[in-house]
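# Residue-level structural notes
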Amino acid sequence: MAFHDIRFPASVSFGSQGGPERLTEIVTLANGFEERNTPWEHSRRRYDAGFGLRSLEDVDTLLAFFEARRARLHAFRWKDWSDYKSCGANGVIAETDQLIGIGDGVTLTFALNKTYLSGTASYVRPIAKPVAGTMIVAIANDPKVEGLEFSVNAATAIVTFISPPDIGALITAGYEFDVPVRFDADVIKASVASFRAGDVPNVPIVEVRV
């Protein structure tokens, strides 16, 4: 198995359905109280690409992509249209969107993440597959120039600075990102007659850990 650094056709994923999934284990005690726990530190996203198929040309595109990935064998990039930016859905990407680290005068590399905040609770999601050419970075609100002051590895989501940020300096970033996924079935049941009648095939997609 391998990761193919190619994005599932965005025109098809635009109409898909899906989102984050959690695994919660719940035990109801004899007194009626519950014990709740989860073995997952991070959520896992699931999608159904079938809802994005609008034409027979889309079906052709899907089948070609499915065959080239060898079904579930190889992973690939997926654009989640409901959550693909460092800012909100209607926002404009800024270099201060996400805090990715604090300078210590020594460290050169920082991993991308995105923080989801609700009230006093928050979740920090690792970002694995940023989109090349969309990254903007700042140190202490001072924008930096990619290629001169920092570089980004789009395969590993690591930001590397030419010189280490000062002690206590806030390192922030803005970017677009994809989700690393694979097909979650080894078969696609497509029918031209059914498609023209309004029925779409089930095309499950699941996030992979990288």
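All of the points below concern the structure found in this document. Predicted model only: the values in this text are computed from it and were never measured. (Residues numbered from 1 in each chain as written. Predicted model: local features only at pLDDT ≥ 70, side-chain atom pairs only at ≥ 80, totals over all residues. Heavy atoms only, no water.)

### Digging into helix α2 (residues 56–68)
For α2, built from 13 residues, the straight-helix expectation of 18 Å at 1.5 Å per residue is met to within 8% by its first-to-last C-alpha distance of 18 Å. When α2 is considered as a whole, its buried residues turn out to be Asp58, Val59, Leu62, Phe65 and Phe66. Across the axial projection of α2, the buried residues extend over an arc of 130°, all falling on one side. Turned more than 90 degrees from where α2 packs its buried face, Glu57, Asp60 and Glu67 sit exposed. (Helix = DSSP H or I, 4+ residues; strand = E, 2+ residues; numbered from the N terminus. Expected span 1.5 Å × (residues − 1). Buried < 20%, exposed > 50% of the residue type's maximum accessible area, 1.4 Å probe, protein only. Arc of directions from axis to C-beta.)

### Some details on the side chain of glutamine 98
Tracing the sequence through the fold places glutamine 98 in strand β7 (residues 98–102). Residue classification places glutamine 98 among the buried residues on the basis of a relative accessible area of 6%. The contacts of glutamine 98, once residues within four sequence positions are left out, are Ser86, Asn113, Lys114, Thr115, Ile171, Thr172, Ala173 and Tyr175. (Contact = heavy atoms within 4.5 Å.)

### Looking at the sheet that holds strand β15 (residues 158–161)
Strand pairs in the sheet, formed through backbone hydrogen bonds, run parallel or antiparallel to each other. Within the open sheet, the 3 strands sit side by side as β8-β15-β14. Their pairing is antiparallel. The open sheet has two free edges, formed respectively by β8 (109–111) and β14 (150–153), since each of these has just one partner strand. Each adjacent strand pair in this sheet contributes to an overall mean axis angle of 20°, direction not counted. Here β8 pairs with β15 via 3 bridges, running antiparallel. (Pairing = 2+ DSSP bridges. Axes fitted to C-alpha atoms, helices over the stretch in contact; angles between N-to-C directions.)

### Considering a nonpolar patch on the surface
A cluster of nonpolar residues, Val27, Leu29 and Phe33, forms a patch on the protein surface that exposes about 290 Å² of accessible area. Among the structural elements, phenylalanine 33 can be located in the loop between β3 (25–28) and β4 (34–37). You can call phenylalanine 33 exposed: its relative accessible area is 60%. (Patch = residues over 30% accessible without salt bridge, like charges linked within 9 Å, V, L, I, M, F, W, Y side chains within 5 Å. Areas by Shrake-Rupley, 256 points an atom, 1.4 Å probe, with all protein chains shown as cover. Salt bridge = Lys/Arg side-chain N within 4 Å of Asp/Glu carboxyl O.)

### As for the layout of surface pockets
Computed from the structure, the largest pocket encloses a volume of approximately 240 Å³. Contributing to the lining of the largest pocket are 17 residues, with Pro126, Ala128, Glu207, Arg209 and Val210 lying nearest its centre. Going through the elements one at a time, β10 (121–126) and β17 (177–183) are the ones with two or more residues in the lining of the largest pocket. In terms of residue count, β17 provides more of the lining of the largest pocket than any other element does, 4 residues in total. Here the residues of the lining of the largest pocket are counted per class, giving 9 nonpolar, 2 polar and 6 charged. (1 Å grid on protein atoms, 1.4 Å probe; cavity = no way out; pocket = protein on both sides within 12 Å on 5 of 7 lines; lining within 4 Å. Points joined across faces, edges and corners; volume = space filled by probe spheres on them. Nonpolar A, V, L, I, M, F, W, Y, C, P; charged D, E, K, R; others polar.)

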